[in-house]
Protein chains: 4
Amino acid sequence: MSHSRTVEIEGHIIDSGTMQRCFGAVMDLGGSFDVEQFDVGTHEEAESYCRMAVSADDPETLQAILHELHQNGAVLEDPTDVELVAAPADKVVPPDFYSTTNHPTEVLYDGEWIEVERIEMDCALIVDPEGPDGTPRAYTKVLNAVEEGDLVATDQSGIRVKPPERPRHGGGAFGFMQGGVSSERPSESTIREVAEELREVAEDGGNVMVVAGPAVIHSGAGDALAELVEAGYVDSLSAGNGFATHDLERSLYGTSLGMDVETLEHPRKGHKHHIWTISEIIRAGGIEAAVEDGIVTEGVMYQCVRNDVDTVLAGSIRDDGPLPDTITDAVEAQDAIREQAHDADIVLMLATLLHSVAVGNCLPSTTKTVCVDINPATVTQLLDRGSAQAVGMVTDIGTFVPTLAEFVLEGEEENLAADADDTHSHAHGE
Amino acid sequence: MSHSRTVEIEGHIIDSGTMQRCFGAVMDLGGSFDVEQFDVGTHEEAESYCRMAVSADDPETLQAILHELHQNGAVLEDPTDVELVAAPADKVVPPDFYSTTNHPTEVLYDGEWIEVERIEMDCALIVDPEGPDGTPRAYTKVLNAVEEGDLVATDQSGIRVKPPERPRHGGGAFGFMQGGVSSERPSESTIREVAEELREVAEDGGNVMVVAGPAVIHSGAGDALAELVEAGYVDSLSAGNGFATHDLERSLYGTSLGMDVETLEHPRKGHKHHIWTISEIIRAGGIEAAVEDGIVTEGVMYQCVRNDVDTVLAGSIRDDGPLPDTITDAVEAQDAIREQAHDADIVLMLATLLHSVAVGNCLPSTTKTVCVDINPATVTQLLDRGSAQAVGMVTDIGTFVPTLAEFVLEGEEENLAADADDTHSHAHGE
Amino acid sequence: MSHSRTVEIEGHIIDSGTMQRCFGAVMDLGGSFDVEQFDVGTHEEAESYCRMAVSADDPETLQAILHELHQNGAVLEDPTDVELVAAPADKVVPPDFYSTTNHPTEVLYDGEWIEVERIEMDCALIVDPEGPDGTPRAYTKVLNAVEEGDLVATDQSGIRVKPPERPRHGGGAFGFMQGGVSSERPSESTIREVAEELREVAEDGGNVMVVAGPAVIHSGAGDALAELVEAGYVDSLSAGNGFATHDLERSLYGTSLGMDVETLEHPRKGHKHHIWTISEIIRAGGIEAAVEDGIVTEGVMYQCVRNDVDTVLAGSIRDDGPLPDTITDAVEAQDAIREQAHDADIVLMLATLLHSVAVGNCLPSTTKTVCVDINPATVTQLLDRGSAQAVGMVTDIGTFVPTLAEFVLEGEEENLAADADDTHSHAHGE
Amino acid sequence: MSHSRTVEIEGHIIDSGTMQRCFGAVMDLGGSFDVEQFDVGTHEEAESYCRMAVSADDPETLQAILHELHQNGAVLEDPTDVELVAAPADKVVPPDFYSTTNHPTEVLYDGEWIEVERIEMDCALIVDPEGPDGTPRAYTKVLNAVEEGDLVATDQSGIRVKPPERPRHGGGAFGFMQGGVSSERPSESTIREVAEELREVAEDGGNVMVVAGPAVIHSGAGDALAELVEAGYVDSLSAGNGFATHDLERSLYGTSLGMDVETLEHPRKGHKHHIWTISEIIRAGGIEAAVEDGIVTEGVMYQCVRNDVDTVLAGSIRDDGPLPDTITDAVEAQDAIREQAHDADIVLMLATLLHSVAVGNCLPSTTKTVCVDINPATVTQLLDRGSAQAVGMVTDIGTFVPTLAEFVLEGEEENLAADADDTHSHAHGE
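Being a predicted model, the structure only gives us computed values, none of them experimental. (Residues numbered from 1 in each chain as written. Chains lettered and ligands numbered in written order. Predicted model: local features only at pLDDT ≥ 70, side-chain atom pairs only at ≥ 80, totals over all residues. Heavy atoms only, no water.)

**Concerning the pairing of strand β3 (residues 48-56) of chain A**
All names here are of chain A.
Link 1 in the chain: With nine of its nine residues buried, β3 lies for the most part within the structure.
Link 2 in the chain: Alternating residues of β3 divide into Ser48, Cys50, Met52, Val54 and Ala56 and Tyr49, Arg51, Ala53 and Ser55, and every residue in both groups is buried.
Link 3 in the chain: Strand direction decides the pairing type here: strand β1 (residues 3-11) and β3, joined by nine bridges, are antiparallel. Bridging across to β3, glycine 11 finds its partner in serine 48.
Link 4 in the chain: As paired elements, strand β2 (residues 32-39) and β3 share seven bridges and run antiparallel to each other. Bridge pairing in β3 places serine 32 opposite serine 55. (Buried < 20%, exposed > 50% of the residue type's maximum accessible area, 1.4 Å probe, protein only. Helix = DSSP H or I, 4+ residues; strand = E, 2+ residues; numbered from the N terminus. Pairing = 2+ DSSP bridges.)

Below, the structure written as structure tokens:
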């Protein structure tokens, strides 16, 4: 094995699984390793350090191994400045451009490690030698946003990533890198944990993002979500044309897809309500106008308008209508979702695969996520995308949201009682 | 088409789909029909009547068509006495024996139509010319219960079945022959309907049977089910060794499969609790003894013992232990389940396919059933088995049971308030 | 019940379930009916006729009942010309506009029944009093295509629909209105039936549309689909950015999402292939250019370019890139899909819910559809959308497509052998 | 933290994840660790060694931590002889008895480490001081097999387990401890890998066990499985009454649950075939008698009888009949399955959760398993049970088995061609 490089890895690299993945990658790809130094943290707060030489028969294999080690946080023993190549045209990146992970990342530029802003996976990494304040700046750009002349990173040697580490003291419901999803966890206890987390984020002034599919409304959970919005627990809502239409139909006709959500009666009567709702909102000139005109008087969309929730309705090819508020261009919608996602401290993904994947694509691995769906495959797919602090639940959204709202709001009352002397009484939003 | 017979069909045969199925069967099987008379009920309470000649090219096809029509309630224009052949040996039925449906059935014996008792599908139909009181009697027997000399029906000509008809005035949550299962119904409203039905049956002195899988306990719903038992809403419980063990583990160690169902803490500690629980119950001599000895002090099994609920624990090849109370022989267990099923007025099937199918096999098509599972395929399979009054829910058992218990018990309180003057205060069982 | 109207229904209305649904609708909605005449077709080729008065307590209920009966093919005894109202503005329809079903439909205009063109559900129905040739013409328009001044139908009284009827002689794999989906059908026999249907449509010069999700490529079925395209069995392909990218990645790097589909080896090596593929195609200027430049040399997209298959790549918010060929605007993409769907005689929906629903929304109920997915809920949802000739299979797309291609192409060889004397040897495309 | 013990761990403990799990367990359970020595294997063949002191605030927590470390292969620095307590009665074990894992295990008895025979999880560990040959012997017993006086292990201090380690050189389709199941793997390539593994085991004279559910027959895969049996690739078959009945029905009537598996025709005709099949086999006196009498002439059961395949039909409460060959007692059936499982070198679990779990319960973690089901939750549940060499596929059993048989048998033909000069021509069993 004539081709060889030496890398260093440090941190909680044993109990976070980093070393297991690094050794595994070398073996899987047909290389070999020689551990030159390994200092094991002797107690739980102490970090470990590993320096090892990695070898392979040919430079391509070595490169593949180094790429894999890089993604797990390994750094070349002798890192050099990041290599930058100017983009030859708009939307065109140089060959072999560096494609980002969703982990915190730094680039070595001019001998200094700079933090990469707006981290998100599968992006180009751009370095601006003279940022707004005259100092070098690094950030990500999705392919279609790359402009001619952007300086694009093309090699990993001057880049280091920080994969998530196992939290030192538990993680509550938010398991560390939990690949699997079990429907064998106690449902109400898990929802209570999510409620506590949600209240904690809100109390700390954090940003709560809700991603919601139409099933939230069909399943009768709209009122509970509207309550959470009204109580100030939702900062941004990312949904689609279908979600909004079903919610608005409830306000206009008392039905969702034609069924009375309370009485379950006369489902047949309402066949046309769905398309009529869209037509009424078009006539009014949009959702906000319909709220202002008193046409829409309740529901999630109503509360979002009333509470200035940052709302993005992204279009899709299966939409009826669509509503005037729906962003029909996918790239434009993605950009709007990206802004929401970058601001979020916790994301609740409620019964929608399409929108949850779209949001997940924009999230750094450090954002907390809660993924709820009745279909285990959906929850697994969402958890696999790599947040280090994710909780997945295979449950019925129609009972999940009401139970969550109950736990969140009853917690608020307890707080109110406890904080009777305090000057600020609201859990969130100040 | 030289082979032909004439049949009669009557009842609400259009809106119950009977005529659609009958015409369809003739066409599917390659026969032809000639409608000789068709009197349509002119309003919703009026029954319809059809007499038609059915023809086929060969006697086998005609027989197959007549068999299909028979199962949909058609009767030969000129029925003759049922044909009976003595069983040649124990467990051995005559060739071409009549295999029952799960619909109400009558046999023509000695010129009179007799109701078949203990109706259940895929059974032999036995006629006892001199029943206990000296008059002819007809009943079903599963194959392995047939005894040498039993008079077994071998042809359908003297037999008529009564398939379920569409109820005249709605059916609430219990849809008529609803093949499909949607997860797009409002969850809490549907649960409220089930709760009302349950309370109604209980108030009428009816028999409530619960079939429960281990997920009821894992998912944290055990306390809610125990409450329903304690409040008198459960007359019989059909479950397995796993359900009972998980429930007992909670009482003994506070865990289910090692996880604390309340705090979700320290799942690792309890690896051995499951097998230790079985060992403790064996040591005590059984569940009832363990309750009496104060070893088991809470949970579903505890409440079943305390409230004299008719409990059957059926064994399976995946059982650990098993507990001394578990019936390990499948035939013996089936017989015990059969007795429960025949007594039931409403059956709640909670998160178990195996036990639900076993119970469903023994039910006549007239028993109300509620099928709840997180897996849509399970719910579909259970609904397909042919109860005419079934409601299926694809939901999380861990939120379903607590919500159901809340709705049932809050309903009871309302009743209590309303019935303050009444002498009998208990909702059920008197 | 003081409000009443008389309707007529005719056709194979018993065995198609029409009468069952009509009687059911009246009862469900709280009305009553009085059958004035009912002539039953006495044999399988004879149609039936029903005239009945329908009554309700209030005009709204009567209207709801009549709406439901209308959708099942009932016509008022005394139909009047369709009511038309001019659209007040672009994309704005009159209140209470008529929303179409997906069944063949006619409007009574100027005393004559005119066939509605481009039938599709949830659309406005427009009448152009002077069509291209000076005679009245009727057609559908989706809401956002409505232009100020369009004459929009607003009442159902002058409109009649023709719901699908049960085929007289079997339907092969394409069951009539089969709501349920069973995974208990023999897989290979069912695929053989689909193959025969596909070859039949192709031989008759019919149009075959394929809707494909990315799983077709991940699962290794890309080669088989490419073979079907090459052999001329695919007229149009409707897919997304992901499908195309995965397919192109295979041609460029031999991997799909980084895994070598043949050897299953070194999945780690190819993390970046996905995003690099998009970048390469952007650099080339699009898929067709990449094929012409010899960059892409195999796969489904390659064969589509080479065989002039009408291809639509519709964008979505979860897309990476996207490829330059991807239509990112949902309304524009829908319009392109609509053209494909209206031309199709048979549609194969392969492992994609999003694109299948989008296509299904545009299909009349008379188009044959084959829905294949590993998730039973997806297949059920697609079958529920109302094609009268649909076959659903819960199976693995990775074995389905290769088996289908084998059956289709081996059938072709048999034909070739049989047609050795014929002048035209190709099964399709002339 | 006043309570402390020192443990040693050695082997490929980093890349197998052992150290990650050990450190994690200490932290999860609230203890602390102090690494006294850690020698890292410097290359892939070199093992590592760790000695660390573990502390906790109270003896119970320390015990829980040690238990967890024990299960991951840690051994106390100063192990003492295993503690043995005589069982007080039949089926009754001492309190705090040691419950086995499914990993290879040794006990320290009389100063020597003895291998535990018949390893299987959740069992009691019995030591017989004077085995058949006069030397000490250790083996497992399920609870209900424990006899009064058996010497049962009650503490883990003299016991060490050997959890599976990551194989040094790949693992083919059989991933190491792969928790997740993806439907995004190429289906046919994966089946080809399973076929190669199967042929390899067979060629090495290994034992192939097949666990099959009724869906194998419904889905039309019966012929392919029968071919594999006939070709000598199946040593034992573990199934249920339903599987056998459906298979026999095909031989007797050409149908499965009444549907002709080839033509898909006349499903209605065969309603009774299922129950008639059982009746015919009862009449014949059992399956073997029915084969000998020429009543059964094809199918899986036929080939099993003809090829002396060790067959166990385990009963369940949902069985019809049952067949005379079905073992109705669950404990007796488990014992029969246990013998099959202990002999197996590779187990194919085909579309049955119940039987697969029963078999999986009896398997040591070193047996290769292949789990195939259309339901991802089933595959996940089976893989979670802890074989270190398992491959899971979410696919259609109706295409899986025929494709597998094709690959296995075509491979055999290739071998035959290659081995034309050899004296033994059969791939298996000599």
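**Digging into helix α6 (residues 241-253) of chain D**
All names here are of chain D.
Link 1 in the chain: Over its 13 residues, α6 extends 17 Å from the first C-alpha to the last, a length consistent with the 18 Å expected when each residue adds 1.5 Å.
Link 2 in the chain: Counting buried residues along α6, ten of its 13 residues qualify, which places the element largely inside the surrounding structure.
Link 3 in the chain: Burial in α6 covers these residues: Asn241, Phe243, Ala244, Thr245, His246, Asp247, Leu248, Glu249, Arg250 and Ser251.
Link 4 in the chain: Just past α6, the residue glycine 254 takes up positive phi, approximately 75°. (Expected span 1.5 Å × (residues − 1).)

**Notes on the relation of the copies chain A and chain C**
Link 1 in the chain: Screw-axis analysis of chain A against chain C gives a translation of 0.0 Å along the axis, an RMSD of 0.0 Å, and a rotation angle of 180°. A rotation of that kind, with that shift, is consistent with a two-fold axis. Taking C-alpha positions as reference, the residue of chain A nearest the rotation axis is aspartate 329 of chain A, located at 2.0 Å.
Link 2 in the chain: Of the interface residues in chain A, 100% have counterparts in chain C that sit at the interface too, so the contact is made through matching surfaces. (Least-squares fit on C-alpha atoms with pLDDT ≥ 70 in both. Contact = heavy atoms within 4.5 Å.)

**Here we look at the packing of helix α11 (residues 353-362) of chain A against helix α12 (residues 376-383) of chain A**
All names here are of chain A.
Link 1 in the chain: Their axes nearest at 10 Å, the elements α11 and α12 cross at an angle of 5°. Between α11 and α12, the interaxial angle falls into the category roughly parallel. Every residue of α12 that contacts α11 at Leu353, Ser356 and Val357 is listed here: Thr378, Gln381 and Leu382.
Link 2 in the chain: Its residues assigned to classes, the contact of α11 with α12 comprises three nonpolar, three polar and no charged. (Axes fitted to C-alpha atoms, helices over the stretch in contact; angles between N-to-C directions. Parallel < 35°, antiparallel > 145°, perpendicular 65-115°, else oblique. Nonpolar A, V, L, I, M, F, W, Y, C, P; charged D, E, K, R; others polar.)

**Quick notes on the domain arrangement of chain A**
All names here are of chain A.
Link 1 in the chain: Domains assigned within chain A are domain 1 (1-78), domain 2 (79-165) and domain 3 (188-417).
Link 2 in the chain: Each of domain 1 and domain 2 was reduced to a C-alpha centroid, and the two centroids are 23 Å apart.
Link 3 in the chain: Each side of the interface is counted separately: domain 1 has 16 residues, and domain 2 has 16 residues.
Link 4 in the chain: Carbon and sulfur atoms make up 51% of the surface buried where domain 1 meets domain 2, a total of about 1,200 Å² over both sides.
Link 5 in the chain: Interface area lost by domain 1 to domain 2 is led by His70, Gln71 and Val75, which between them contribute 42%.
Link 6 in the chain: Between domain 1 and domain 2 we count zero salt bridges in total.
Link 7 in the chain: The interface formed by domain 1 and domain 2 includes five residue pairs in polar contact (both at pLDDT 80 or more). (Domains from an automatic or database assignment. Buried area = accessible area lost by both parts, 1.4 Å probe. Salt bridge = Lys/Arg side-chain N within 4 Å of Asp/Glu carboxyl O. Polar contact = N/O pair within 3.5 Å; in protein donor to acceptor, adjacent residues only side chain to side chain.)

**Overview of the interface of chain A and chain C**
Link 1 in the chain: Contact residues are listed per partner, giving 54 residues for chain A and 54 residues for chain C.
Link 2 in the chain: Roughly 4,900 Å² is buried in total at the junction of chain A and chain C, and carbon and sulfur atoms are behind 59% of that figure.
Link 3 in the chain: Across the chain A-chain C interface, the total number found is 16 residue pairs in polar contact (both at pLDDT 80 or more).
Link 4 in the chain: Elements supplying a minimum of two residues to the side of chain A that touches chain C: α1 (18-28), α2 (59-71), α7 (273-284), α10 (330-343) and α11 of chain A.
Link 5 in the chain: Along the lines of polarity and charge, the residues of the side of chain A that touches chain C split into 24 nonpolar, 17 polar and 13 charged.

**Section: the pairing of strand β18 (residues 346-350) of chain B**
Across a regular strand the side chains alternate sides, sitting on one face of the sheet and then on the other.
Residues and elements named next belong to chain B.
Link 1 in the chain: By the criterion of burial, β18 is predominantly enclosed, with five of the five residues buried.
Link 2 in the chain: Residue alternation in β18 divides its side chains into two sets, Ile346, Leu348 and Leu350 and Val347 and Met349, and both sets are buried.
Link 3 in the chain: Across five bridges, strand β13 (residues 208-212) lies against β18 in parallel orientation. Its bridge partner being in β18, methionine 209 is matched across the sheet by valine 347.
Link 4 in the chain: Of the pairings in the sheet, the one linking β18 to strand β19 (residues 368-373) comprises five bridges and is parallel in character. Each bridged residue has a counterpart across the sheet, and for isoleucine 346 the counterpart in β19 is lysine 368.

**Considering the pattern of salt bridges**
Link 1 in the chain: One pass over the structure, following the stated rule, counts 68 salt bridges over all chains.
Link 2 in the chain: A salt bridge links glutamate 410 of chain D to arginine 192 of chain D, with the shortest nitrogen-to-oxygen separation between them at 3.2 Å. Placement of the pair is glutamate 410 of chain D in helix α13 (residues 397-418) and arginine 192 of chain D in helix α3 (residues 187-203), with a sequence separation of 218 residues.
Link 3 in the chain: A residue is classified by how much of its surface remains accessible, and arginine 192 of chain D, at 37% relative accessible area, is partly exposed.
Link 4 in the chain: Through salt bridges with shared partners, a single ionic network connects Glu36, Arg51 and Glu77 of chain A.

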